Amino acid sequence: MTFQLTYRSEAIEGISMEHINTILQTSRKFNSAHNITGCLIFYKGFFVQLLEGNEEIVKALFDNIEGDKRHNNVDLLSQEQVEQRVFDGWDMAFLNPSEEVTNGKREALLGTLDELAKDEKTPNFTSKVFWYNVETLLSDRGFYQSRSRE
Ligand SMILES: Cc1cc2nc3c(=O)[nH]c(=O)nc-3n(C[C@H](O)[C@H](O)[C@H](O)COP(=O)(O)O)c2cc1C
């Protein structure tokens, strides 16, 4: 069994790609050493992340992440024990979709995310919540619209 968790948060004003790269470096080092996998989305000042691995390690890591000064309003959306990982082999996949969006690939990307959020093959609730939030963020809807900046 694997423990899976997803949350969203708001990056501090003026966060730079340097900050993000530092986060990714730390994450990849720690996560690969502790068999943690997952995916981090950064778009319009919001983060959405999915983490999976040993329950105690994931929960301790999340406590750490929650206290990180590079973001605020950390909102835990879902957590559960699952049969299989969604990001097996990814110490931390990263997607910053601005380019795809300006490239006219927006519709394709949103379509794919929509499929992933609904797909019966998506193995569990937490990963559906993750994909649903990514899709909502990228289409500037709901929670992400009301607080969207840029
Ligand atoms: C949005 C976001 C996502 C993060 N994801 C991870 C992660 O997956 N793995 C990790 O080790 N640190 C991650 N961090 C960094 C942790 O918050 C923290 O800096 C790291 O655990 C090192 O903590 P320490 O300096 O107390 O040792 C993330 C930080 C932010 C802001």
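Residues numbered from 1 in each chain as written. Predicted model: local features only at pLDDT ≥ 70, side-chain atom pairs only at ≥ 80, totals over all residues. Heavy atoms only, no water.

Before going further, it helps to examine the sheet that holds strand 5 (residues 93-95). The strand order across the open sheet formed by five strands is 4-1-3-2-5, and the pairing between neighbours is mixed. This sheet does not close on itself; its edge strands, each paired only once, are strand 4 (71-82) and strand 5. The average undirected angle you get between the axes of adjacent strands in this sheet is 10°. Relative to strand 3 (residues 46-53), strand 1 (residues 2-11) runs antiparallel, the two being bridged by eight bridges. Its bridge partner lying in strand 3, F3 is registered against G53. (Pairing = 2+ DSSP bridges. Helix = DSSP H or I, 4+ residues; strand = E, 2+ residues; numbered from the N terminus. Axes fitted to C-alpha atoms, helices over the stretch in contact; angles between N-to-C directions.)

This part takes up the confidence of the model for the protein. On average, residues of the protein carry a pLDDT of 88, and 89% of them reach 70 or more. Of all secondary-structure elements in the protein, the lowest mean pLDDT belongs to helix 3 (residues 98-102), at 60, while helix 2 (residues 55-66) reaches the highest, 98. (pLDDT = per-residue confidence, 0-100.)

A separate point is the packing of helix 4 (residues 106-118) against helix 5 (residues 125-138). Packed helix pairs are characterised by how far apart their axes lie and by the angle those axes make with each other. Where helix 4 contacts helix 5, the axes come no closer than 8 Å and their chain directions differ by 155°. One element, helix 4, and the other, helix 5, form an angle in the roughly antiparallel class. Crossing hand, helix 4 versus helix 5: left-handed. Residues R106, L109, L110, L113, D114, L116, A117 and K118 of helix 4 touch helix 5, and the partners they reach there are K128, W131, Y132, V134, E135 and L138. A per-class count over the contact of helix 4 with helix 5 returns nine nonpolar, no polar and five charged. (Parallel < 35°, antiparallel > 145°, perpendicular 65-115°, else oblique. Left-handed = near helix turned anticlockwise from the far one by under 90°. Contact = heavy atoms within 4.5 Å. Nonpolar A, V, L, I, M, F, W, Y, C, P; charged D, E, K, R; others polar.)

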